[in-house]
Amino acid sequence: MTLTEKIIARHSGKSEVVPGESVWVDVDVLMTHDVCGPPSIGIFEKQFGKDARVWDKEKVVIIPDHFIFTEDKYANRNVDKLRAFAADQDLPYFYDVGTDEYKGVCHVALPEEGFTRPGEILFGTDSHTCTAGAFGQFATGIGNTDAAFIMGTGKLWVKVPETMKFIFHGDDMPDYLMAKDLILKIIGDIGVDGATYRTMEFSGTGVQQMDMESRMTLTNMVIEAGGKNGVVDPDETTMEYVRKRTDKEFTPVYSDKDADYHSVYEYNMEDIVPMVAKPHSPDNKATAEELEGTELDQAYIGSCTGGKLSDFKAAARIIQGRELKMDTFVVPATTEIANGLHEETVNGQTLYEIFTQAGCHIGNASCAACLGGPSDTFGRLQDKEACISSTNRNYPGRMGSKNAEVYLASPYTVAASAVTGTIADPRKFISN
Amino acid sequence: MAQTATKDKETTDPSSTIITGKAFVVGRNVDTDQIIPAEHLVYSLDDPEEKKFYGRYSLSGVPDKQSGLPQGNIPLVEEGEFESEFDIVIGGPNFGCGSSREHAPASMQIAGIQAIIAPTFARIFYRNAVDGGFIIPFESEEDLSQIIETYDELEINKEDQVLINHTQNKTHNLRPLGSVEDIVMAGGIFEYARKTGMIE
Ligand code: SF4
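Undergrad: Which parts of the structure should I look at to understand the environment of B:Val42?
TA: Considering the arrangement of structural elements, one finds B:Val42 in the loop between helix H1 (32-35) and helix H2 (48-56). Given a relative accessible area of 2%, B:Val42 falls into the buried group. Taking the C-alpha atoms as reference points, B:Val42 and B:Pro119, separated by 77 residues in sequence, lie 31 Å from one another. Apart from residues lying up to four places away in sequence, B:Val42 is in contact with A:Phe67, A:Asp72, A:Tyr74, A:Ala75, A:Arg77, A:Asn78, B:Glu50 and B:Tyr54.

Undergrad: I tried to follow the side chain of B:His172 on my own but got confused; where do I start?
TA: Residue and element names in this part refer to chain B. Tracing the sequence through the fold places His172 in strand S7 (residues 170-173). Residue classification places His172 among the buried positions, given a relative accessible area of 4%. A polar contact of 3.1 Å, which involves the side chain of His172, links it to the side chain of Glu142.

Undergrad: What is the right way to read the packing of helix H2 (residues 37-48) of chain A against helix H5 (residues 144-153) of chain A from this model?
TA: Angle between the axes and distance between the axes are the two parameters that describe a pair of packed helices. Residue and element names in this part refer to chain A. The N-to-C vectors of H2 and H5 enclose an angle of 55 degrees; their axes lie 8 Å apart at closest approach. With respect to H5, the axis of H2 lies oblique. Between H2 and H5 lies a crossing whose hand is right-handed. Contacts from Pro39, Ser40, Ile41, Ile43, Phe44 and Phe48 of H2 reach H5 at Asn144, Thr145, Ala147, Ala148, Phe149, Met151, Gly152 and Thr153. Class assignment of the residues belonging to the contact of H2 with H5 gives a composition of nine nonpolar, five polar and no charged.

Undergrad: For this particular structure, what's the right way to read helix H11 (residues 309-319) of chain A?
TA: Taken together, the buried positions of H11(A) are A:Asp311, A:Phe312, A:Ala314, A:Ala315, A:Ala316, A:Ile318 and A:Ile319. Where H11(A) ends, the next residue or the one after it, A:Gly321, has phi of about 70 degrees, a positive value.

Undergrad: Got a minute to help me understand the domain arrangement of chain A in this structure?
TA: Reports often express the size of an interface as the amount of accessible area lost when the parts come together. Residues and elements named next belong to chain A. Here chain A is described as being made up of domain 1 (3-248 + 258-267) and domain 2 (274-428). The distance between the C-alpha centroids of domain 1 and domain 2 comes to 24 Å. Taken together, the 40 residues of domain 1 in the interface contact 43 residues of domain 2. Counting each side, the surface lost to burial between domain 1 and domain 2 is near 3,400 Å², with a carbon and sulfur contribution of 60%. Put simply, domain 1 and domain 2 have four salt bridges between them. Linking Glu336 and Arg245 is a salt bridge whose minimum nitrogen-to-oxygen distance equals 3.2 Å. There are 25 residue pairs in polar contact (both at pLDDT 80 or more) connecting domain 1 and domain 2. Within the residue set of the side of domain 1 that touches domain 2, elements represented by two or more residues are helix H4 (106-112), helix H6 (179-190) and helix H8 (212-220). In terms of residue count, the dominant contributor to the side of domain 1 that touches domain 2 is H6 (seven residues). Tallied by class, residues from the side of domain 1 that touches domain 2 come to 16 nonpolar, ten polar and 14 charged.

Scoring rules and cut-offs
Residues numbered from 1 in each chain as written. Chains lettered and ligands numbered in written order. Predicted model: local features only at pLDDT ≥ 70, side-chain atom pairs only at ≥ 80, totals over all residues. Heavy atoms only, no water. Helix = DSSP H or I, 4+ residues; strand = E, 2+ residues; numbered from the N terminus. Buried < 20%, exposed > 50% of the residue type's maximum accessible area, 1.4 Å probe, protein only. Contact = heavy atoms within 4.5 Å. Polar contact = N/O pair within 3.5 Å; in protein donor to acceptor, adjacent residues only side chain to side chain. Axes fitted to C-alpha atoms, helices over the stretch in contact; angles between N-to-C directions. Parallel < 35°, antiparallel > 145°, perpendicular 65-115°, else oblique. Left-handed = near helix turned anticlockwise from the far one by under 90°. Nonpolar A, V, L, I, M, F, W, Y, C, P; charged D, E, K, R; others polar. Domains from an automatic or database assignment. Buried area = accessible area lost by both parts, 1.4 Å probe. Salt bridge = Lys/Arg side-chain N within 4 Å of Asp/Glu carboxyl O.

Here is the structure:
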């Protein structure tokens, strides 16, 4: 069996499951946020009664992150609803806005707080919940009704997915390349529905040498290929990260050598070059080189995909000592990463110093303009701007106005473009 | 024929076999940001008055030229209105890709849509439509967004799994609902779980 099949089997009380089969599983963690939390809670109370208690308060995690720093009264009321529910249910894992507990983007906060444990099942009311698969967890996005059902029962039905395997060969990632380039390449190759209903499993020497943040970039964007979940077999790197963040017991599982796969794709990392997804679809692939000279108005580095500490370090390597040619927004995914900007250095300068000296606009930890949001959202595209972004989606209107154009790329490519004024190939700035 | 009264969840019987009404056609990869743009996700789904706004903005993020094909520039819901004059949405492949927002199928139901037909769906949208009992997602054998035109008069027969286009005088096959049929017929995951004794 594959890793995904093993986790589903174990959580449904079976010794074996096969793709296509529908089973009920026991849930280890349910995560929700400020956009989908309130309606999930509404359904939970309607279905189970006003006085109903969640099935296990140790397993419910609430992370407000989407519409946070806004004057929008409805958005703020949604956070009030989460607050009231967390207090009423006495939930220990609520990361409230405006307190020291506040984290920021849920998919990066979950690992930081130790909720991404190998071998477990995590459901979240957000499509990028698949990010946690980097830790060898079965993690996928669900809607409000399913979340409400879990709140009351701790169970959910799942259809066992087939698994597609993606192997990256190569001992070292070329210095100009990032995990973002690899996943954009895959999505470009298989299309935005190329993995619909399926698991995307990443392996090979190329993946084994990646740190957790890079693996998270891979699994984060499986949803952009329609994937149900993404996974990486846990290893030393995984264990070291997770052990630091939690004392809880967990049992990792691994794909069998002779497991059945829907399909197998193999890549040599040396053959891959910096990639860009053109408007308005993540599979609209091109290389950065092909698009050189494309006019831009704005650059954006942030989100659960491209707003992690290693993403900012990459961008800082290029921005350091150079002049920006356009408005450049820097939005750390979490408060831990925001603090990291003051600690992590490149050539003796902190990332924060590098970005402020260059004139970047640095925002508060949250989703910010990754999904547009209320009109006063930091970095939001208001009209016909062309933006190059380290985020994950460039659908029409995703970052605000539906007249805007969004190019998706790695933090290297975004930074190289920001200091060039048009789309640029980062290999001009970083050679191997 | 098309119902004119409110077609809210409470008034649509999930077990009735015939759905009739006017087609509204969009193309491929219509994502959840196009179905309900993120800026509108702030309204409460529990408040009947606020909830209506999801109907108003349903499919409002679809680029104008691709809204109401083949002609384009036709909104699902007229400006200032809360309900659509259309009843059945026809989409291209990968309908509902993108975020997990259940507000997407909910907005279509609130706008008065009863069914969505597409050759393939993104899985979270499909799951949300079924488990929430909002609208029935039917898979078609062909990409009907290339054949059916906005304003065509349609009839879906759930039992025989066919779609009849009265305007064009054509019949198209729909795929069986498969493992989700029981949940669809029950009207959602809660109704199904009650029926089968999983919850009280
Ligand atoms: S950062 Fe963007 S993709 Fe990630 S959870 Fe927030 S809105 Fe979604």
